[in-house]
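Architecture and fold: a report
One letter stands for each residue in the lines below.
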Amino acid sequence: MSGTAASSGGSASCRFAHYFVVCGVDADTGLEPDDGAGENFEQSPIRRSFKSKVLTHYPESTDRNPFNKDAVNMLCMPRGLSFCSQADRHDLQFHSFTIAFDDGTRSYGFVHTFYEEVTSPQIITAMQTLYQMHHVEHHSSSSASSPSSSSSSASSPSTSSMDSLASSLEESDAESLAGVSGCLGCVGSFDPTRDTLYVSKALCLITPLPFLQASQQFLAQLHQAVTSQTAPPLPLESYIHNILYEVPLPPPGRSLRFHGVQGPIVCQRPGPGELPLADYPLGEVFSLLGVENVVKLLTCALLETQVLLYSQDYQRLMMVAEGISTLLFPFQWQHIYLPIISTPLHHLLDAPVPFLMGIQRRDGAQRSSLHLPHEANLCFVDIDSHCVDAPEDLPSFPDHIELIQELSEILLRFGLPPQGGVSTKATTGSSSSSPRLSSLVLEDLMEDRRNGNLGGEELAVLERLQALARRCEGGKMSEGEKTLVFAEEEEELKAAKLNIQLREVFAVRFAAMFGRYEEFVIHSALDLDSWLSNREGTLSFDKGSFLSVQPATHLQFLSRFLETSMFSSFVDGKVISRWADRDPLQQLFDSRLDRGRVYDTGDEDSCCRPYRKCTSLFESGQTIEQRMLKVDHTAIHPHLLDMRIGQGRHHPGYFPKLQADVLAQNTNKWSGRVTVSRRLEPKRLTVAEHTGVDNEPRQKHTITRRTLHQSKLLDPSPEAVFQTHRDFVDGLLSECRLKTKRMLMERMGKECVEVGQGEASITGLQENTLIHGLCDLLERTWGHGLQMKQGKSALWSHLLHYQAAQGKTEAPAGSPAYSGCNGSDQKTLDDDSLLLRWSLIQDMRFIQTMSDSLSEVAQARAWIHLALEKKMLSQHLKELLTNPQLLRQMYKPHAFLLCEEEREQFLFHLLSLNTVDYLCFTRVFTSICIPYRVVIVPMKKLSIAMATVNPWVCVSGEMGDSGVRQIPKNTQEIFFQCKNLGRLSTLQLGVQENSGLLAKCLVDCVMVYNEITGHTYKFPCGRWLGKGVGDGSLERVLIGQLVSPGAEEDAGRWTGTPPELASPSQSVRTMLGSLGTRSRMHSAEVQEDVREAANNLVKHFHKPEQERGNLTVLLCGEGGLVLALEKFLLHGFKTNRLFQRNVFVWDFVEKAVVSMETADQMGDLHGSTLPKGPPCDSLCHYVNAINGSPRNIGKEGKFQLFVCLGIRDRLLSQWLPLLAECPLTARTYEEGALIRERAALQSLCRILQTLNEFSVTLEAALVKGVDL
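These lines cover the structure that appears in this document, whether it is placed above or below. (Residues numbered from 1 in each chain as written. Predicted model: local features only at pLDDT ≥ 70, side-chain atom pairs only at ≥ 80, totals over all residues. Heavy atoms only, no water.)

For the protein, the helix and strand inventory stands at 48 helices and 25 strands. Across the 1268 residues of the protein, 57% fall into the buried class. (Helix = DSSP H or I, 4+ residues; strand = E, 2+ residues; numbered from the N terminus. Buried < 20%, exposed > 50% of the residue type's maximum accessible area, 1.4 Å probe, protein only.)

Have a look at this one:
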């Protein structure tokens, strides 16, 4: 027996169906209440659910697809057994399901559910006993209760009836039923002497491919034969044996006809160059949800959010899930995929991983009745209400407006409304097949005509039959319509053509987005084993370069999509294809890309390529139509089996007990002739349709990329549930390790963003994407095993409970969260103030007062951003978990947060993020009010001088400036609040012009503290401020640098990202000004500094705008262009040898301009040949305008402004030759000075000319007061 089964199982991969299953009530075991169904035992027993059993299945098992008895039973009858009486409706139901295997392949089940009369005396007696017990209990409780409580109990909605109408009748009549003994014939009552008891039974066909239409027709015809008063031509075993063992899979690109009980059934299969088989009607999905909602749902699936489908109809759940899965081509869903989960599997809603699951809506139930631990990143799809509730800040699908328009046009051509909200046809088992049964002979003849098997005389007979059919149907049909047979065939063809056209549109969209993806795949490994062993540390795709060539409107979506497991698996498949067979879907996608490149001129830039509609809609529809109208192959007809006399007897209305001896194995001697020609095809066919491959390296790869055992998810036993959640815990820890590692690699420059742009920068878009992924991970971690939650965010709910436990549930109304910063106790930056600013509760209070419009999810993300920027994320989360009583109260025992060892490792990985700097909070929440503290630090030996000045400051950042803030007398600091300035860049420091000659001070630096994020900015100065000292400046523009948050004294142990360049320090200024005290600067060093400064500017402008740093730093900071040009112009300066004091380049520029203006006037009289024209005029105009500015910024400030304006207006490269040719230059500079060397000057001008192609925008702090 086992040898035969193995033999039959070996050829199962090329068979149309793997198993035939019957599920229902087992008379031997009796009625077992379905404890996991969540039934209300106050209901009548006839309304309760009971456990179903697999009554029989054939064959026993196959090698490649072993039979999972418990899973199949659960999916065939997710609500268990349902009973009813003759007073109830006996609607037929049809639904389908899928079972995923660990290698990524799937089997599909198609279930036809009907009601059958109960003949077992044991079952009838058990139901009668249960009803009598229920009646007694209900009557006694109703008599003892008050009328008000009885009425309220009766008005509570039933959530467990299979029929909503019957349930509502039962509830509305509950009061009267309770008081009437033996109310016979009423809904919910049962008396075996007067009532007939019916129970649900399910017929199931399990296939390797999703042949929805063919399987539904076969099961419907099988059931029709059971209910018919006339026996079928052959015993049912013959038809079941035929479908299991004698009907093969259609060859790729061909159609196949086989025979059911009542008539022929046709199925078809796409060819090698076509999209994979998808038989689920996409038109119904679009009709239910609408185009916009389908695109939104697909976006959620592509970004691997958690997708939960909700509907009363199991088939709708499966239809939407399969529809979305097919639209993902060429990508594949990598996570939990359970379109139908029964009540025993509701623990999977705790899964802290992306999932696509479906749950049935109980009668009258709403979303609020569901316990959903994860809602921060959940896409909730209420199919019956035509609603898609997507997560917050979901990016739009690229070109979504044009895509929606194109899809709408296709739907309109097929007569469907694009807006959705249309209820589709019922999913009963008989509705789609009963019209065909009325004209079976005519249908057979029609198929023969299409296949060219009828002669002229036969055709004439067929035409007469058609005319007769039209006349017979004429009373039921409007004029001009076809017969029911042809109308149904037309509908089936129409649905298939709509399916393929909708899928082609999305396939073309993905081809447009990823048409050049192969150029960015990185092949670094030498062999498969080395790649697998180093997979985590290997970069397989150049994401930065790929994003740099995409349209700006696509970046939000693409940057997040590139981080998904779906895309990573797709790229891994491309890498592995060097050593193993390519994945079939990827091979198909690549071949479509190759065909598309033949017609692509390649002239258009990918960043601005216009939207292109799909041009292959007609051809794809024609291919489907040709296959369906002309059948290529016909399977063997069902025939008599070797059955004993008396077997296979027909009993109308009862599905017979099938004969195991003829169905458990393939006993047909003819089947060898049928399948022998195709026995060489199983591997090839499996490769063409399944995601798994019969290739050892690929199997190894498939196992490594899937962390969850899909087959074990359907096991509701306590041991399996425990192991599943242990796998979730291990998966969260592994994901945290990989995410933090990736964030560190990107932030510290281990991955090049673009070739030729120096060190990597991970600011802007990519940084936001990674941090968004971290927020999602934390939400899923805190939602695992959660049993007490308020709001949508699991993390914020925990924070609120922690806050309440600390006795600080409310922040003071109307006051700043950090009101203590205004007090007089804020004098120094000590440890106590750091602990206060970094405390968990204070951060929460600030988040709560930021904005009234922030949702719980947004507040949680804001808190994560703030903690990450403060380098306190790990410490805050550790503090959050220090209350074990709160943890046990909020979480189930299997929750991740109750696994101490894994939790500590999780926090350790997060702690590693403290080694780099983030400005994620500052740059995301731009409209909030931030308190700043500014402290002026004088030179220690001259600190008393600060008492004589009355300074003011103006702090500027990438988002604006604070305005002038006057520092109070006799103090060195000021505290103020203003709109978020972003990352600080410059600080204007000045004293009032009427302060007198004694108002002067030597400033070492200015410190600015962000009181929310704890960031400290240092603005080095090292120069005098005041009249009659230094360059006489009353105002200086300082360039800042970010130091370690809140602790500049820790700079000696700095381990973070290298700080930005700051203002030129006093030591640099002394070196420049006192050239006579040291040897002359080397000309090569000066020229190298100029080239480096200009090169930094070029790199700045070649980066994407969202990844650029601070331009002011590159111009005016240490190592910037201003300082490099100052060195250039001070090289070989002779004046300093005569006067032992600081010299300033601006003195030379001023004198040169005066010399030019004087020479110009003299040249008019004496015919001078000094240079004239626009460059000379602009030089004089700019210098005079800078000198005429009301700001007293000193000579150094004026030269800085001179250089910045020259770069902005593309004039600096024209001015320097004029300065070099001025007669004053020969008297001011030595013979070997760089400005007097023609080659050095020309090289400098060429360098500056390279900057002319860029548009330079200067900060307002630099050009304030100068109208040029």
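We now examine the packing of helix α7 (residues 212–227) against helix α8 (residues 236–246). Axis separation between α7 and α8 bottoms out at 11 Å; the angle between their running directions is 170°. By the angle between their axes, α7 is roughly antiparallel relative to α8. Mapping the contact onto sequence places F218, L222, A225 and V226 in α7 and L236, Y239, I240 and I243 in α8. Class assignment of the residues belonging to the contact of α7 with α8 gives a composition of eight nonpolar, no polar and no charged. (Axes fitted to C-alpha atoms, helices over the stretch in contact; angles between N-to-C directions. Parallel < 35°, antiparallel > 145°, perpendicular 65-115°, else oblique. Contact = heavy atoms within 4.5 Å. Nonpolar A, V, L, I, M, F, W, Y, C, P; charged D, E, K, R; others polar.)

All right, on to unusual backbone geometry then. For the bond running from Y58 to P59, omega is -10°, close enough to zero to count as cis. F329 connects to P330 through a cis peptide bond whose omega is 10°. Inspection of the secondary structure puts P330 in the loop between α11 (314–327) and β11 (336–338).

Looking now at empty space enclosed by the protein. Once rolled over the atoms, a probe with the size of a water molecule shows which space is left empty. Counted under the stated rule, the structure contains 15 cavities of 30 Å³ or more. What the second largest cavity holds in volume is close to 330 Å³. Surrounding the second largest cavity, 24 residues form its lining, Q268, L277, A278, D279 and A496 being those nearest its centre. Secondary structure elements with two or more residues in the lining of the second largest cavity: α7, β9 (264–268), α16 (484–513) and α22 (617–629). Looking at the lining of the second largest cavity, the element that brings in the most residues is α16, giving six residues. (1 Å grid on protein atoms, 1.4 Å probe; cavity = no way out; pocket = protein on both sides within 12 Å on 5 of 7 lines; lining within 4 Å. Points joined across faces, edges and corners; volume = space filled by probe spheres on them.)

Here the focus is the pairing of β9. When you tally the buried positions in β9, you get four out of five residues, the bulk of the element. As paired strands, strand β8 (residues 255–259) and β9 are joined by five bridges and run antiparallel to one another. Residue H259 lies in a different strand from β9, and its bridge partner there is P264. In this structure, the hairpin formed by β8 and β9 is closed by a connection of four residues. (Pairing = 2+ DSSP bridges.)

Right, let's get into the nonpolar core. In terms of nonpolar packing, the biggest core is built from 182 residues, with F16, F20, F83, F258, F514 and F655 touching the most fellow members. Ranked by residues supplied to this core, first place goes to α16 with ten residues. With sequence-adjacent residues up to four places away left out, F83 is seen in contact with L31, I46, R47, F50, V118, I123, M127, L197, Y198 and V199. In terms of nonpolar packing, the next biggest core, distinct from the first, is built from 84 residues, L799, V934, V953 and L1042 among them. (Core = buried A, V, L, I, M, F, W, Y, C linked by side-chain atoms within 4.5 Å.)

Spatial ordering of the open sheet is given by β11-β12-β10-β13-β14, a layout of five strands whose pairing is mixed. Lying at the two open borders of the sheet, with one neighbouring strand each, are β11 and β14 (387–389). Here the average twist between neighbouring strands, direction ignored, is 20°. Bridging between strand β13 (residues 378–382) and β14 involves three bridges; their strand directions are antiparallel. Counterpart to D382 in the pairing with β14 is C387. Each of β10 (306–311), β11 and β12 (355–360) touches α11; the most contacted strand, β10, lies at about 145° to it.

Let's shift gears to the sheet that holds strand β25 (residues 1041–1043). What the five strands build is an open sheet, ordered β20-β16-β22-β23-β25; its pairing is antiparallel. The open sheet is flanked by β20 (973–979) and β25, the only strands paired with a single partner. Along the sheet, successive strands turn relative to each other by an average axial angle of 30°, direction set aside. Judged from the three bridges that link them, strand β23 (residues 1016–1026) and β25 form a sheet pairing that is antiparallel. Across the sheet, T1016 pairs through a bridge with V1043, a residue of β25.

What follows covers the packing of helix α9 (residues 282–289) against helix α10 (residues 291–302). Running from N to C, α9 and α10 point in directions that differ by 105°, and their axes come no closer than 6 Å. Compared by their axis directions, α9 and α10 come out roughly perpendicular. For the pair α9 and α10, contact is made by V285, F286 and L289 and by V291, N293, V294 and L297, respectively. Partitioning the contact of α9 with α10 into residue classes produces six nonpolar, one polar and no charged.

Let's shift gears to the pattern of salt bridges. Scanning the model with the defined rule gives 36 salt bridges in all. Where K792 meets D389, a salt bridge forms, and the shortest distance between an N and an O atom there is 3.5 Å. Residue K792 is located in the loop between α28 (765–783) and α29 (794–805), and its partner D389 is located in strand β14; the two are separated by 403 residues in the primary sequence. You can call K792 partly exposed: its relative accessible area is 32%. Two residues, R933 and E973, come together in a salt bridge whose shortest N-O distance is 3.2 Å. With R933 in strand β16 (residues 929–938) and E973 in strand β20, this residue pair connects regions lying 40 residues apart in the sequence. Via salt bridges that share partners, R316, R361, D382 and D384 belong to a single interconnected network. (Salt bridge = Lys/Arg side-chain N within 4 Å of Asp/Glu carboxyl O.)

Just distances and angles here, no functional claims.
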